[in-house]
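Examining the three-dimensional arrangement
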Amino acid sequence: MPDPMGFLRYERQLPKRRPVPVRIQDFREVYPPAGEELIRDQATRCMDCGIPFCHDGCPLGNRIPDWNDLVRTGAWQAAAEALHATNNFPEFTGRLCPAPCEEACVLGIGDDPVTIKQVEVEIANHAFDLGYVRPQPAPAKSGKKVAVVGSGPAGLAAAQQLARAGHAVTVYERDDRIGGLLRYGIPDFKIEKVHIDRRMAQMAAEGVEFRTSVNVGVDVTADDLRDRHDAVLLTCGALAGRDTPETPGRGLNGVHLAMEHLVPANRVVAGLQQNTPIDAAGKHVVIIGGGDTGADCLGVAHRQGAASVTQLDQYPLPPEVRAGELHPWPTWPTILRNYPAHEEGGDRVFGVAVREFVDDGQGNVRAIRVADVVVERVDGKRKVTITPGSERELRADLVLLAIGFEGTEQQPLLTQFGVTRAPRGNVDARPDWQTDVDGVFVAGDMHRGASLIVWAIAEGRAAAAAIHNHLGAYGELPAPVHPGSLPLTAVR
């Protein structure tokens, strides 16, 4: 039974971040491990509600009240087992997920919600530190082979589920290391790569084979892959960055997509190359886009020694608390979200649109011309109105476009498999997670579009269950979502 007074005795509290002057000198994680007493106190705030809406906020269906109470009583091994029952990689989600479960927490109606995400990551930390995370190889082999193309969280989750069910799984990754955006798209100050490596070691011991530097459709054909395997799962992500080719000056030197900055910066941190071709050192940096990727660019620019950093957002400054009539509990609200990178410096400007990238006369960007805008919905469509007389220039030596993604990339493997991109850039799935080609499945961002890591893992698990059934294997695997599943939203 939970502590009925826990939420009254303890306030919401997170562990202190590493001091800004210290952490911007390196790329280590911002949060140090939390003290056990702090985490127990925070877990004690969970009320074990009669109807725990956190279950609905999380597409994985994590048994949050269960492991909160186990942490409260110090039963760390049981908490780890409860957590891993629904989530293959809680050390990933605990660090990277924006926690829709917390926005759906019942305590959040009239108080600060439970620190679900922090409790989750500390359970995962304890599980590794105390040796609770062990390989779980299948007791018998099915004789079936599955290829997983792409090694982000969706692909890895599916691979682990299928391997534990007895199938021979091979993961193909075109980069030189496993992990997808976890490896090269997300900076180490959010997730150090040791967390990927030790989970890979567990999966390898369970029988998963990893093949890196293999670009399916180029280095190996789709026909070859289908000949060798009984099913293929495509989890190639949604890496086609949204661009602004119509903006005057877009072709100037110094204007880049965000991933062109983040990927080589991550490779430098990993010791795989000496320097990055896009370095913010000593430059006045402007980041266009106010989301996660923009914050990642912000933190990297600080650590590279930028002279100044300004982050632009086309939308107006959002409220700091939930606007109930627009985003009622337990749905995901539009509020001001401050990332650790924002406390490290830089300016944020809301309600502006880029009008032009200004040339220095030698083909390099020297400034951005912006204007204030009003963004509104008219007949279900977004309408942007420029405020007359508001145009001005912002100094910029380096511009990073972090304005989202337009779905999966158009690549040879799609043509070879006979799979087509939908109008919004994703690959559609039938109710059984198959594409329009029998035996070829899809999951994660490649199917859903750029989304949350928790959705990628959920789709990977569900697609694995569908493949398991397709292969005629015994029993069923958990399938937390279906291809049409949507997050909690307000119905208007």
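What comes next is a walk through the structure.

Points about the side chain of N87
- Here N87 lies in the loop between α6 (76-84) and α7 (90-96).
- N87 sits in the buried class, given a relative accessible area of 0%.
- Every residue in contact with N87, bar those within four places of it in the chain, is listed here: L60, N62, T93, E120, I457 and R461.

Concerning the pairing of strand β10 (residues 365-378)
- In this structure, strand β9 (residues 352-359) lies alongside β10, joined through 7 bridges in antiparallel fashion. Bridge pairing in β10 places V358 opposite A367.
- The hairpin formed by β9 and β10 contains 5 residues between the paired strands, and G361 there has a positive phi angle of roughly 95°.
- Relative to strand β12 (residues 392-395), β10 runs antiparallel, the two being bridged by 4 bridges. Bridging from a neighbouring strand, A367 pairs with R395 of β12.

Looking at the pattern of salt bridges
- In total, this model carries 30 salt bridges according to the counting rule given.
- Notably, a salt bridge pairs E102 with R12, separated by 3.0 Å at the nearest N-O pair. Of the two residues, E102 is situated in helix α8 (residues 100-103) and R12 in the loop between α1 (6-9) and α2 (20-23); the sequence distance between them amounts to 90 residues.
- On the accessibility criterion, E102 (11% relative accessible area) is buried.
- Among the residues examined, R12 registers a relative accessible area of 27% and is labelled partly exposed.
- R366 is the salt-bridge partner of E393, the closest N and O atoms lying 3.2 Å from each other. On the criterion of sequence distance, the pair formed by E393 in strand β12 and R366 in strand β10 is long-range, its members being 27 residues apart.
- Given the relative accessible area of 37%, E393 is considered partly exposed.

Looking at the side chain of Q118
- Within the fold, Q118 resides in helix α9 (residues 116-129).
- Those residues in contact with Q118 that lie beyond four places of it in its chain are L14, P15, A34 and I39.

So, the sheet that holds strand β6 (residues 284-288)
- On the basis of which strands lie adjacent, the open sheet formed by 5 strands has the order β5-β13-β6-β7-β8 and parallel pairing. The two strands at the open ends of the sheet, each matched to only one other strand, are β5 (255-257) and β8 (347-350). Across the sheet, the axes of successive neighbouring strands diverge by a mean angle of 20°, strand direction being ignored.
- As defined by bridge partners, β6 adjoins strand β7 (residues 308-313) across 5 bridges and the pair is classed as parallel. By the bridge assignment for β7, V285 is matched with V309.
- This element, helix α14 (residues 258-269), spans β5 and β13 (398-401) of the sheet and lies at about 75° to β5.

A word on the packing of aromatic side chains
- Taken as a whole and judged by the stated rule, the model has 3 aromatic pairs.
- Between R198 and the ring centre of F128, over which it is positioned, the NZ or CZ distance is 3.9 Å.
- It is R448 that lies over the ring of W455; its NZ or CZ is 3.8 Å from the centre.

Considering unusual backbone geometry
- Residue P330 is bonded to the preceding W329 through a cis peptide linkage, with omega at 5°.
- By the element assignment, P330 lies in the loop between β7 and β8.
- The phi torsion at D48 lies on the positive side, around 50°, for a residue other than glycine.
- Residue placement: D48 occurs in the loop between α3 (36-44) and α4 (54-57).
- Taking relative accessible area as the criterion, D48 reaches 39% and is therefore assigned partly exposed.

Reading the values: rules and limits
- Residues numbered from 1 in each chain as written.
- Predicted model: local features only at pLDDT ≥ 70, side-chain atom pairs only at ≥ 80, totals over all residues.
- Heavy atoms only, no water.
- Helix = DSSP H or I, 4+ residues; strand = E, 2+ residues; numbered from the N terminus.
- Buried < 20%, exposed > 50% of the residue type's maximum accessible area, 1.4 Å probe, protein only.
- Contact = heavy atoms within 4.5 Å.
- Pairing = 2+ DSSP bridges.
- Salt bridge = Lys/Arg side-chain N within 4 Å of Asp/Glu carboxyl O.
- Axes fitted to C-alpha atoms, helices over the stretch in contact; angles between N-to-C directions.
- Phe/Tyr/Trp six-rings, centres within 6.5 Å; stacked < 30°, edge-to-face > 60°.
- Lys NZ or Arg CZ within 6 Å of the ring centre and 35° of its normal.

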